[in-house]
Amino acid sequence: SEFFVQMKHLVESGYRCVTLGELVDNLGSGCIQKKTVAITFDDGFYNNYSQAYPILKQFGIPATIFVATGYVGSGRLNWPELNLLLVKLCKSDCLHVGEKAYSVCSDEDRARVYNRIEEFRKSMESEQFELRFDRLLVEAGLSREEVLESKHAKALSYLEWSHIQEMASSGLIEIGSHSVLHRRLNRLAIEDARWEMQHSAQEIKDHVGVCRYFAYPYGDYSGIHENMAQELGYSAVFTATQAGVIK
């Protein structure tokens, strides 16, 4: 797999693969060695356990998985994953998004139309997009059952707590919080944002004993949330842009 190739490259090329704790300590001291890498995963998908974890064990590479605790064990798929499956399984040659038709004949086409569907989804409320998604299913020649029961759907569903506990007990994987319901903190009332950060940490502590880190859903945060994380006892918080990790 591509992930196997990436991890093999890190090891064979002499990269120093560290835990987030080591990275945080290095940042605090202002001394980070060249070729230092920390591996993280957001959301908590089943494929973190079924595909990534065996490879990490094989190479002895530590990693942190930031889980959205409200989805653990839910068996549900969210819109980004449903849209990915829609495009991947599409039986027609094109899909209409808004007023424009997009080809889905090549991998590049599928990546393009997926990004367009996601942009379209983010421009409206979930209930509105539900209707658009049903229309896209019809145009793609698919039923919702076909999508949800496809072999690809399992990998994009969420972890069970038993998977999380097994990985955490290995000493190789640390579990961090990615909130409860993966909502943008900047769009929430202060108390709702606090609940997302506090309740998710408590759930993780209840299952694996410790939760030291928080990754902001969608990378959105403000100074209020930084202070909140400190008050709630997080050791470090993380966000990212398309340009790379910034904090």
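Outline the environment of glycine 70, listing residues and values.
Within the secondary structure, glycine 70 sits in the loop between strand S4 (63-67) and helix H4 (79-89). What makes glycine 70 partly exposed here is its relative accessible area of 35%. Here the alpha-carbon distance between glycine 70 and valine 180, two residues 110 residues apart in the chain, equals 4.6 Å. Excluding its chain neighbours within four sequence positions, the residues that come into contact with glycine 70 are Val180, Leu181 and Glu203.

Outline helix H9 (residues 161-169), listing residues and values.
Taken residue by residue, H9 has Trp161, His163, Ile164 and Met167 as its buried positions. Down the axis of H9, the sector holding all buried residues measures 155°, keeping them to one side. As for H9, its buried residues are in contact with helix H3 (47-59), S4, strand S7 (173-177) and helix H10 (190-208).

So what about the pairing of strand S3 (residues 39-43)? Which residues, and what values?
For S3 and S4, the ladder comprises 5 bridges, and the chain directions are parallel. Each bridged residue has a counterpart across the sheet, and for aspartate 42 the counterpart in S4 is phenylalanine 66. As a crossover connection, the stretch from S3 through H3 into S4 is right-handed.

Mind laying out the pattern of salt bridges, listing which residues take part and the relevant values?
One pass over the full model with this rule turns up 13 salt bridges. Between glutamate 130 and arginine 144 there is a salt bridge, with its nearest N and O atoms 2.9 Å apart. Of the two residues, glutamate 130 sits in helix H6 (residues 126-140) while arginine 144 sits in helix H7 (residues 144-148), which places them 14 residues apart along the sequence. When its relative accessible area of 26% is taken as the criterion, arginine 144 is described as partly exposed. Residue aspartate 220 pairs with arginine 184 through a salt bridge whose shortest N-O separation is 2.8 Å. Note that aspartate 220 is positioned in the loop between strand S8 (213-215) and helix H11 (223-231) and arginine 184 in the loop between S7 and H10, a separation of 36 residues in sequence. A residue is classified by how much of its surface remains accessible, and aspartate 220, at 21% relative accessible area, is partly exposed. Sharing partners across several salt bridges, the network here consists of Glu130, Asp134 and Arg144.

Can you break down the nonpolar core residue by residue, with the values?
Core analysis: the largest hydrophobic core is formed by 37 residues, its most contacted members being Met7, Ile39, Phe41, Leu56, Ile65, Val67 and Ile173. By residue number, the principal contributor to this core is H3, which donates 5 residues. In contact with isoleucine 39, not counting residues within four places along its chain, are Met7, Leu10, Ile61, Pro62, Ala63 and Thr64. By size, the runner-up hydrophobic cluster in this structure holds 25 residues, among which are Leu85, Leu86, Val87 and Phe133.

Cut-offs applied
- Residues numbered from 1 in each chain as written.
- Predicted model: local features only at pLDDT ≥ 70, side-chain atom pairs only at ≥ 80, totals over all residues.
- Heavy atoms only, no water.
- Helix = DSSP H or I, 4+ residues; strand = E, 2+ residues; numbered from the N terminus.
- Buried < 20%, exposed > 50% of the residue type's maximum accessible area, 1.4 Å probe, protein only.
- Contact = heavy atoms within 4.5 Å.
- Arc of directions from axis to C-beta.
- Pairing = 2+ DSSP bridges.
- Right-handed = clockwise from strand over helix to strand, strands pointing away.
- Salt bridge = Lys/Arg side-chain N within 4 Å of Asp/Glu carboxyl O.
- Core = buried A, V, L, I, M, F, W, Y, C linked by side-chain atoms within 4.5 Å.

Such coordinate-based values are descriptive only and should not be taken to indicate function.
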